[in-house]
Amino acid sequence: MADGNMPAPSRRAFLIAGLAAGGGLLLNLKLPASAVAAGGVLNVFVEIMPDETVVIRAKNPEVGQGVKTSLPQIIAEELDADWSKVRIEMARVDTAAFGRQSAGGSTSTPMNWDPHRRMGAAARSMLVAAAAKDWGVSPTDCVTEPGVVVHKASGRKATYGSLAAKAAAITVPDLSTLPLKDAKTYRIVGQPIGGVDNPKIVTGQPLFGIDTRLPGMLYATFEKCPVFGGTVKSADLDAAKAVKGVKHAFIVEPNSAPDGLAGGVAVVADSWWAARKGREQLNIVWDEGKWADQSTDGFAAKAKEFWTQAPHKTERSDGDFDTAIKGAAKVVEAEYSYPFLAHTPLEPQNCTAHFKDGKVEIWAPTQLPDPGRQLTARVLGLPPEAVTVHMIRGGGGFGRRLMNDYMVEAAWIAKVVGVPVQLIWTREDDVRHDFYRPGGFHKFTGGVDKAGKLIAWRDHFVTFGEGEGYSRSAAMEPAQFPADCAPNYKIDVSKVPLGMPTGWLRAPSSNALGFVIQGFMDEMAQAAGKDPLQFRLDVLASRVPPPPPPAPANPPPPGAFQPPAYNNARTIAVLKRVAERAKWGRKTPKGTGLGIAFYFSHMGYFAHVVEASVADDGAVKVHKVWAVGDVGRQIVNPSGARNQVEGSILDGLAQALYQKITLENGRVVQGNFDEFPLMRMADIPEIDVEFLITDNHPTGLGEPALPPVIPALCGAIFAATGKRVRSLPIDTELLKA
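Keep in mind that what you see is a predicted model, and the values were worked out from it rather than measured. (Residues numbered from 1 in each chain as written. Predicted model: local features only at pLDDT ≥ 70, side-chain atom pairs only at ≥ 80, totals over all residues. Heavy atoms only, no water.)

Q: What is the right way to look at the sheet that holds strand E8 (residues 157–159) in this model?
A: For sheets, the rule is that strands pair by backbone hydrogen bonds, running either parallel or antiparallel. The strand order across the open sheet formed by three strands is E6-E7-E8, and the pairing between neighbours is antiparallel. Of all the strands in the sheet, just strand E6 (142–145) and E8 have a single pairing partner and so form its edges. Neighbour-to-neighbour, the strand axes of the sheet open up by a mean angle of 25 degrees, direction not taken into account. Of the pairings in the sheet, the one linking E6 to strand E7 (residues 148–151) comprises four bridges and is antiparallel in character. Bridged to Val143 within E7 is Val150. Against the sheet, helix H4 (residues 108–135) touches E6, E7 and E8, its axis set at about 45 degrees to E7. Against the sheet, helix H5 (residues 160–167) engages E6, E7 and E8, with an angle of about 75 degrees to E8. (Pairing = 2+ DSSP bridges. Helix = DSSP H or I, 4+ residues; strand = E, 2+ residues; numbered from the N terminus. Axes fitted to C-alpha atoms, helices over the stretch in contact; angles between N-to-C directions. Contact = heavy atoms within 4.5 Å.)

See the structure below:
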């Protein structure tokens, strides 16, 4: 149940005020001195202009998760702004001014919910105080309407724009004392507001990283060794330069910085097509390095070998598994596996860079702009202040743009050629040089007693890493369900060294572990002779919570966001509700079945029911998915929230039905969407989404809805065919009648 991807705590802040360039109110959200040393200041979020325009800056990268709209909604609500007069701008990359700026881990809402509300409330308080001073009345006798301060007794009104300059001179209130709105009065938060960039997206206007244009800009491609870690022996640079339009072709030596600059050959031209055609003439000879013998088949064989041996390490051992399994009424053993996966955002990796006078300016669709700035500075040998990064909207990310290798490549190429350069990867580059979701292998052994109660659970997990270290995103938290529910619970781990780079993919770890853990839970339910839903409820009801952890040596400041602890009752509630919505237990037509699963991931609780059918030729059709989630007391933007849940479900279904990355001779086999398919419109099922509103801190929605859909689909397939799915993607040959 534990996820391990929790955000760092936020910090209490206070406001300072000043005049904007046009004479309006400029609000700076600042941290107290005790917090500045830990994280800097948050700065310049809101400007209220004399013409009534309210400028709100969205501080986090936008890669389709909707935060460019939802975070400003929070500020605008407490400000009591007129949304029609709000203009949203992307903030500059400046963690000293804005604090943590990232898109990942479903953290934007939980980290910013309270600070953004208080910032809006402080601005409203100052505007009220300015009006009250003008009128010679008490601020308590004044209220606000959208964009207007009103004196209740006399009916006098003053617009925010007319008050902005005067409000800048008002003493900033103590944020901790500010009254916040009752959710019942919300006008903006809780409304299904379309994304602020939607008009540009649907009309094809320039918006994304790949749309960046600079005067005198050239275009670049960069070819890297197909075997990870390989380097260039030789390349026909003259042949590339002979292609019309090609200006430069040169070898790039690898840099030792982690996730930094790989070795390869850059081709730069006056058009991207010319750069690509020049690249085709390079005839590169590679030194493939030490990982050229790795393969998917080799990994699977190694897992089989490890399962016959003692594990490399036992991560957790509760009770006495060996004794309990010997005394079990029924014992189940099963081997599960899942493949490596690529991220494949529709916009391939790209970055525009301009190196001049010892400084580099970068325009990048990145999920971690400041770490990218720091990495670029290290690789280029520059001080961090010599690197400027502009956040550009990304055409999808899903965790891929947490890594900034493409940013470093563009900056390096721009430094060599001395003019602005836009680096664009091909789709094949994107698929074959990803930071992949790691594959994994699990051998489960479980036992139930005569009453059908789960008494023993063991997982020998074969994953990737060396020594005490794991490949990125390849570890498993030992507190995964059914930890604390099975009295005899054991997690063993063995590791295979890996040359492939790995990284975080939407719902890291959970996207794979949900499949295997919930899948084996279905098998245990069958052994117990129980309905899959009832068995899960029984197991959850038996949970004995672990003792609370000791108090931290350096506790966070008062008012800081604390990641909520797992709550068993919330899991049970979403399970029961999704079963109710889907009419769980109803009779389905022959060849059609229902499956159910749940997962706690990234602070969110989700349960899904899938209805699917299997044809005689093994073809799987998903008819409907019911999803019920609990992410706290407030859905900031229902339109964006539903978008995230639906997108997560479609991602999960694509992973289950189609997707795998395989390795042969150290090379990724797949290269484009014909070999790594996405969901097609014709295959998309009906999706029913409901949120349970509970009295808990609002949390994020980018990831927690993905993990349950894969095991729920596999459960539906079993109900339809009697055949278990233990390996992904689903092999329809095994499902034939």
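Q: Explanation requested: the sheet that holds strand E19 (residues 421–424) in the structure shown.
A: Pairing within the open sheet is mixed, and its seven strands lie in the order E11-E12-E9-E19-E16-E17-E18. Each edge of the sheet is formed by a strand with only one pairing partner; in this case those strands are strand E11 (246–252) and strand E18 (387–391). With strand direction ignored, the average angle separating the axes of adjacent strands in the sheet is 20 degrees. In this structure, E11 lies alongside strand E12 (residues 264–269), joined through six bridges in antiparallel fashion.

Q: Is there a simple way to think about the packing of aromatic side chains in this case?
A: What characterises a pair of aromatic rings is the spacing of the ring centres plus the angle enclosed by the ring planes. Following the criterion strictly, the structure yields 14 aromatic pairs and no others. A centroid spacing of 4.8 Å and a plane angle of 15 degrees characterise the contact between Phe444 and Phe520, whose relative ring orientation is stacked. Of this pair, Phe444 sits in strand E20 (residues 440–448) while Phe520 sits in helix H14 (residues 510–528), and the two are 76 residues apart along the sequence. By the burial criterion, Phe444 is buried, and Phe520 matches it. What links up through ring pairs into an aromatic cluster is the set Tyr336, Phe444, Trp457, Phe515 and Phe520. Against the face of Phe718 rests Arg724, its NZ or CZ located 3.4 Å from the ring centre. (Phe/Tyr/Trp six-rings, centres within 6.5 Å; stacked < 30°, edge-to-face > 60°. Buried < 20%, exposed > 50% of the residue type's maximum accessible area, 1.4 Å probe, protein only. Lys NZ or Arg CZ within 6 Å of the ring centre and 35° of its normal.)

Q: I keep staring at helix H2 (residues 67–79) and nothing clicks. Help me out?
A: Since there are 3.6 residues in each turn of an α-helix, residues three or four apart along the chain are aligned in direction. Here H2 is 13 residues long and its end C-alpha atoms lie 18 Å apart, about the 18 Å a rise of 1.5 Å per residue gives. In the segment just after H2, Asp80 is the residue with positive phi, at about 60 degrees. (Expected span 1.5 Å × (residues − 1).)

Q: Just checking my understanding: could you explain the nonpolar core for this structure?
A: A general tendency of soluble globular proteins is for nonpolar side chains to be buried together. Within the largest apolar cluster, 89 residues are counted, with the highest numbers of intra-cluster contacts made by Trp457 and Leu713. In terms of nonpolar packing, the next biggest core, distinct from the first, is built from 36 residues, Ala220, Phe222, Ile413 and Val417 among them. (Core = buried A, V, L, I, M, F, W, Y, C linked by side-chain atoms within 4.5 Å.)

Q: How should the pattern of salt bridges be read in this particular structure?
A: Side chains that differ in sign of charge can pair as their charged atoms come close. Scanning all chains against the criterion turns up 46 salt bridges. The shortest N-O distance in the salt bridge between Asp429 and Arg279 comes to 2.6 Å. On the criterion of sequence distance, the pair formed by Asp429 in helix H13 (residues 427–432) and Arg279 in helix H8 (residues 272–279) is long-range, its members being 150 residues apart. Judged on exposure class, the residue Asp429 and its partner Arg279 are both buried. Glu288 serves as the salt-bridge partner of Arg667, at 2.3 Å between the closest nitrogen and oxygen. Note that Arg667 is positioned in strand E28 (residues 667–668) and Glu288 in the loop between strand E13 (285–287) and helix H9 (296–307), a separation of 379 residues in sequence. Sharing partners across several salt bridges, the network here consists of Arg577, Glu580, Arg581, Asp688 and Glu690. (Salt bridge = Lys/Arg side-chain N within 4 Å of Asp/Glu carboxyl O.)

Q: Mind showing me how you'd approach helix H16 (residues 568–582) here?
A: Along its 15 residues, H16 runs 22 Å from first to last C-alpha, staying within 8% of the 21 Å computed at 1.5 Å per residue. Three or more residues of H16 are buried, namely Asn568, Arg570, Thr571, Ile572, Val574, Leu575, Val578, Ala579 and Ala582. The secondary structure elements touched by the buried residues of H16 are helix H15 (532–541), strand E24 (592–601), strand E25 (604–614) and strand E26 (620–630). The N-cap of H16, judged by a side-chain oxygen 2.9 Å from the amide nitrogen of Ala569 a few residues on, is Asn567. Phi turns positive, to about 55 degrees, at Lys583, one or two residues after H16. (Polar contact = N/O pair within 3.5 Å; in protein donor to acceptor, adjacent residues only side chain to side chain.)

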